[in-house]
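Each chain, letter by letter, is given below.
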Amino acid sequence: RVMADAVVDVAIDKVCYPPSKFQEVDLPHMKECEDLVRRAAALGLDGKEIIGEATNVGLSETLARQVSEGMQRRHNEIRGCMVDIATRLSQEHLSDFDWKIKVVVASSKSSGIRQPLLQLALYLTDADGSTRE
């Protein structure tokens, strides 16, 4: 159990803090656990879904449960790391939006009548203050 907990914690650390001192650690099932942690965090999987995904990639049910428990135990830390990683992708942020709903009242095709249409405009502001649609 201690070895499996170490694999799970190192896998979470590798996902959250790349590159790190854990890069050279070679533990059994490390790659599978790391991939599972990354996928589960990105998709927001719950405990049962994590166990299902783990068994799909060939991890034992015991290790799958430990991955699930480890991710639940470190949920806030993982979420914070994923937000950090996502914000490093771009310095832009959503500054405003505008939306309109239109309804088609006449069309050459009867299937197109009374179909709602949504128009959404997103405005992004960059680190330098410039805004684009």
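Coordinates for the structure precede this section.
Report follows, based on the coordinates.

Analysis parameters
- Residues numbered from 1 in each chain as written.
- Predicted model: local features only at pLDDT ≥ 70, side-chain atom pairs only at ≥ 80, totals over all residues.
- Heavy atoms only, no water.
- Helix = DSSP H or I, 4+ residues; strand = E, 2+ residues; numbered from the N terminus.
- Contact = heavy atoms within 4.5 Å.
- Core = buried A, V, L, I, M, F, W, Y, C linked by side-chain atoms within 4.5 Å.
- Buried < 20%, exposed > 50% of the residue type's maximum accessible area, 1.4 Å probe, protein only.
- Axes fitted to C-alpha atoms, helices over the stretch in contact; angles between N-to-C directions.
- Parallel < 35°, antiparallel > 145°, perpendicular 65-115°, else oblique.
- Left-handed = near helix turned anticlockwise from the far one by under 90°.
- Nonpolar A, V, L, I, M, F, W, Y, C, P; charged D, E, K, R; others polar.
- Salt bridge = Lys/Arg side-chain N within 4 Å of Asp/Glu carboxyl O.
- Expected span 1.5 Å × (residues − 1).
- Arc of directions from axis to C-beta.

Things to note about the side chain of E34
Alright, step 1. Positionally, E34 belongs in helix α2 (residues 30–43).
Alright, step 2. Among residues more than four places away in sequence, those in contact with E34 are A11, K14 and V15.

Section: the nonpolar core
Across soluble globular proteins, nonpolar side chains have a tendency to be buried as a group.
Alright, step 1. I12, C33, V37, I50, V67 and M71 are the most contacted members of the largest nonpolar core, which totals 23 residues.
Alright, step 2. Elements with a contribution of two residues or more to this core: α1 (2–16), α2, α3 (47–56), α4 (61–73) and α5 (75–89).
Alright, step 3. No other element matches the seven residues that α1 contributes to this core.
Alright, step 4. Residues within four places of I50 in sequence aside, it is in contact with L36, A40, L45, V67, S68 and M71.

What to know about the packing of α2 against α4
Helix-helix packing is characterised by the crossing angle of the two axes and by the distance between the axes.
Alright, step 1. Their axes nearest at 11 Å, the elements α2 and α4 cross at an angle of 50 degrees. By the angle between their axes, α2 is oblique relative to α4. Our pair here, α2 against α4, has a crossing hand that is right-handed. Of α4, the residues touching α2 (which contributes C33, L36, V37, A40 and A41) are L63, V67 and M71.
Alright, step 2. Taken together, the residues that form the contact of α2 with α4 break down as eight nonpolar, no polar and no charged.

Remarks on the environment of V105
Alright, step 1. Position of V105 relative to the elements: it lies in the loop between β1 (93–103) and β2 (116–125).
Alright, step 2. Accessibility expressed as a relative area gives 71% for V105, which makes it exposed.
Alright, step 3. Taking the C-alpha atoms as reference points, V105 and Q115, 10 residues apart in sequence, are found 8.1 Å from one another.

Considerations on the pattern of salt bridges
Alright, step 1. This structure, assessed with the given rule, holds 10 salt bridges.
Alright, step 2. A salt bridge links R132 to E92; the shortest N-O distance between them is 2.8 Å. Here R132, found in strand β3 (residues 131–132), pairs with E92, found in the loop between α5 and β1; they are 40 residues apart in sequence, far enough to count as distant.
Alright, step 3. We classify R132 as partly exposed; its relative accessible area is 45%.

Description of α2
Alright, step 1. Taking 1.5 Å per residue, 14 residues should reach 20 Å; α2 reaches 20 Å between its end C-alpha atoms and fits that length.
Alright, step 2. Taken together, the buried positions of α2 are M30, C33, E34, L36, V37 and A40. Taken around the axis of α2, the buried residues stretch over an arc of 165 degrees, which confines them to a single face. Of the exposed residues in α2, the ones pointing more than 90 degrees away from its buried face are K31 and A42.
Alright, step 3. Positive phi appears at G44, one or two residues downstream of α2, with a value of about 65 degrees.

Regarding the environment of Q91
Alright, step 1. Inspection of the secondary structure assignment puts Q91 in the loop between α5 and β1.
Alright, step 2. With 37 residues separating them along the chain, Q91 and D128 place their C-alpha atoms 9.1 Å apart.
Alright, step 3. If near-sequence neighbours (up to four positions away) are discounted, Q91 is found in contact with T125, D126 and A127.

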